[in-house]
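Next come the chains, spelled out residue by residue.
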Amino acid sequence: MVKPRGPICNLDCEYCYYLSKETLFPGSGFRMTEEVLENYVRSYIEAQHGPEVTFAWQGGEPTLMGLEFFETVIRLQRKHHRSDVRIVNTLQTNGTKLDDDWGRFFKEHGFLIGLSLDGPRDLHDRYRVTKGGGPSFDDVMHGLRLLQRHGVEHNILCCVHEGNAGAPLEVYRFLRDEAGALHLQFIPIVIRDNDTGFQEGSGVVPPSVGSRQYGEFLVAIFDDWVRQDVGRVFVQIFDEALAAWAGSGPSLCVFQETCGLGLAMEHSGDLYCCDHFVEPRHELGNINGTELADLVASEKQWRFGMAKRDTLTRYCRECDVRFICNGGCPKNRFETTPDGEPGLDYLCEGHHAFFRHIDGPMQIMADLWRSRRSPALIMEIQTREDVELPSRLAEISRNARCPCGSGKKFKHCHGRE
């Protein structure tokens, strides 16, 4: 993840973990130079071995670099492009600075845009405020409509905090029905009670979401989604779960067994182990002095990535949902297990409750996927909104045709013991 403007942003969201990183670069102008940019573009393309090279532009607010910067990005990508790879650009934005020029540019060059939106007006404006403390909802919605008008591929990143976690269906249905979002991410806000975010033994402070609260938020949305939106609305954590239940394993770093692939590069060319660990002890070096591939393959980064697996608590190793959770993100492993072992994910209770809750539907959808049928067929199993899936399955005669559409008897398909 590249931060060409560093932590500089035109908003002052109360839960932002990155604004404080400004103190790491005293005297900086916080603008990536063309020299650093070209060095990065060249080395990043050279380091790829797959058919696709994905550039991820983040911040702070990356659009504060101006459109000319990203026109230079495209020029340099073309200059260093290899014929055997396809280049893709993604950009995360608060959407408040977008205009028609941005819309035309994103569409022309195939950018995938992530837009931050925390729900309807009152919930969004609770914490996503301007530098003067004013609301940002109208500007964000203007940016969203602009992306839609220009046909720009986009998804919505919704931060889940104490201000909106109590209204899961209001948030989900607003994003789906009024915002018109078909691709959603729900990101839990966990803020440590210290300046850097990584002091040992620190608790969390508002507006952090509670662990159980986050699990209940996901459960409520999943139950609505699985009845009517499978195959139509794509929720990142549901997609990750389906991949895990289908046997391919999660691709999202927070749920993978090891980490170390989500590195962050600051405007200066300084490279860090992870976007959530941008601090001196996790700096790998600078791409202006060392090749990017060498920094990524360094022993320090390898140890950082392996530590996620190697420090997993016994409580986690013996957990029935480890195959999807893998102990969660290391940045949140500051709680203790019931038997007193340190290193438990703060979100463990919520994650565990959610993953246990979706087990039945996920098994059915995974079976459908493996048999090359659409997981959306699960919606045909449920005939009444007020009946939970496990109860509905229990009502089906074992000799009846399975409602998934396979043509088999229920006892030989999703009703098998």
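Please refer to the structure placed before this passage.
What you are looking at is a predicted structure, and each value in this text was computed from that prediction instead of being measured.

Turning our attention to the overall build of the protein chain. Helix and strand content of the protein chain: 16 helices and eleven strands. Since a compact globule built from 417 residues should have a radius of gyration of about 22 Å, the 22 Å found for the protein chain is in line with a globular shape. Oriented by its inertia axes, the alpha-carbon framework of the protein chain measures out at about 70 × 50 × 50 Å. Relative to its full complement of 417 residues, the protein chain shows a buried share of 54%. With an accessible surface of roughly 19000 Å², the protein chain has 48% of that area assigned to carbon and sulfur atoms.

This paragraph deals with the side chain of His 351. Summarising the element assignment, His 351 is placed in helix H13 (residues 348-357). Owing to a relative accessible area of 7%, His 351 belongs among the buried residues under this scheme. With residues near it in sequence (within four places) discarded, His 351 still touches Tyr 214, Phe 255, Cys 325 and Asp 345.

Moving on, we get to the packing of helix H2 (residues 67-79) against helix H3 (residues 100-108). Where H2 contacts H3, the axes come no closer than 11 Å and their chain directions differ by 15°. Comparing their axes, H3 and H2 come out roughly parallel. Crossing hand, H2 versus H3: left-handed. Contacts between H2 and H3 pair Leu 67, Phe 70, Glu 71 and Ile 74 from the former with Asp 101, Trp 102 and Phe 105 from the latter. Counted by class, the contact of H2 with H3 contains five nonpolar, no polar and two charged residues.

Glancing now at the sheet that holds strand E8 (residues 270-272). Judged by pairing direction, the sheet is antiparallel, and its three strands sit side by side in the order E7-E8-E9 without closing on themselves. Both outer strands of the open sheet, strand E7 (264-265) and strand E9 (283-286), are each paired with one neighbouring strand and no more. As judged from the two bridges shared by E7 and E8, these two strands associate in the antiparallel manner. What sits directly across from Ala 264, in E8, is Tyr 272.

Turning our eyes to something else, we now look at the pattern of salt bridges. Evaluation of the coordinates by the stated rule reveals 23 salt bridges. The partner of Glu 291 in a salt bridge is Arg 42, and the shortest N-O contact between them spans 3.2 Å. Of this pair, Glu 291 sits in the loop between E9 and helix H9 (292-296) while Arg 42 is found in helix H1 (residues 34-47), placing the two residues 249 residues apart along the sequence. The partly exposed category is assigned to Glu 291, whose relative accessible area is 35%. The partner of Arg 104 in a salt bridge is Asp 101, with the nearest N and O atoms 2.5 Å apart. You can see Arg 104 and its partner Asp 101 sitting in helix H3, three residues apart, about one turn around the helix. The partly exposed category is assigned to Arg 104, whose relative accessible area is 45%. In this structure, a network of salt bridges that share partners links the residues Arg 173, Arg 176, Asp 177, Asp 224, Asp 229 and Arg 232.

The next subject is unusual backbone geometry. Glycine aside, negative phi is the norm for most residues, and most peptide bonds take the trans geometry. Cis rather than trans, the peptide bond between Gly 59 and Gly 60 has omega equal to 15°. Mapped onto the fold, Gly 60 is located in the loop between strand E1 (52-57) and H2. Between Pro 206 and Pro 207 the backbone carries a cis peptide bond, its omega angle lying at 10°. By secondary structure assignment, the location of Pro 207 is in the loop between strand E5 (183-188) and helix H7 (211-228). Here the phi dihedral of Phe 30 falls at roughly 55°; this positive angle occurs in a residue that is not glycine. Following the sequence through the fold, Phe 30 ends up in the segment before H1. Note on Phe 30: relative accessible area 5%, which makes it buried. Phi at Asn 326 is positive, roughly 55°, even though this residue is not glycine. Residue placement: Asn 326 occurs in the loop between helix H12 (322-325) and strand E10 (333-336).

Across soluble globular proteins, nonpolar side chains have a tendency to be buried as a group. Within the largest apolar cluster, 58 residues are counted, with the highest numbers of intra-cluster contacts made by Leu 117, Phe 186, Trp 225 and Phe 355. The dominant element in this core, judged by the number of residues it contributes, is H7, at eight residues. Ignoring anything within four residues of it in the chain, the contact list for Phe 355 reads Ile 237, Trp 245, Phe 255, Val 321, Ile 324 and Cys 325. The next biggest cluster of nonpolar side chains, apart from the first, holds 41 residues, and it includes Trp 57, Val 85, Leu 147 and Val 152.

Moving on: the pairing of strand E2 (residues 86-93). Extensive coverage of E2 is indicated by the burial of six of its eight residues. Sheet topology note: the E1/E2 ladder contains six bridges and is parallel. Residue pairing for E2: Val 53 is matched across the bridge by Ile 87. Between the parallel elements E1 and E2, the chain passes through H2 in a crossover that is right-handed. Summarising the sheet, E2 and strand E3 (residues 112-116) pair through four bridges and their orientation is parallel. Note that in E3 the partner of Thr 93 across the bridge is Leu 115. As for the winding sense of the linkage, the β-α-β connection from E2 through H3 to E3 is right-handed.

Procedures and definitions
- Residues numbered from 1 in each chain as written.
- Predicted model: local features only at pLDDT ≥ 70, side-chain atom pairs only at ≥ 80, totals over all residues.
- Heavy atoms only, no water.
- Helix = DSSP H or I, 4+ residues; strand = E, 2+ residues; numbered from the N terminus.
- Rg over C-alpha atoms; globule rule 2.2 N^0.38 Å.
- Buried < 20%, exposed > 50% of the residue type's maximum accessible area, 1.4 Å probe, protein only.
- Areas by Shrake-Rupley, 256 points an atom, 1.4 Å probe, with all protein chains shown as cover.
- Contact = heavy atoms within 4.5 Å.
- Axes fitted to C-alpha atoms, helices over the stretch in contact; angles between N-to-C directions.
- Parallel < 35°, antiparallel > 145°, perpendicular 65-115°, else oblique.
- Left-handed = near helix turned anticlockwise from the far one by under 90°.
- Nonpolar A, V, L, I, M, F, W, Y, C, P; charged D, E, K, R; others polar.
- Pairing = 2+ DSSP bridges.
- Salt bridge = Lys/Arg side-chain N within 4 Å of Asp/Glu carboxyl O.
- Core = buried A, V, L, I, M, F, W, Y, C linked by side-chain atoms within 4.5 Å.
- Right-handed = clockwise from strand over helix to strand, strands pointing away.

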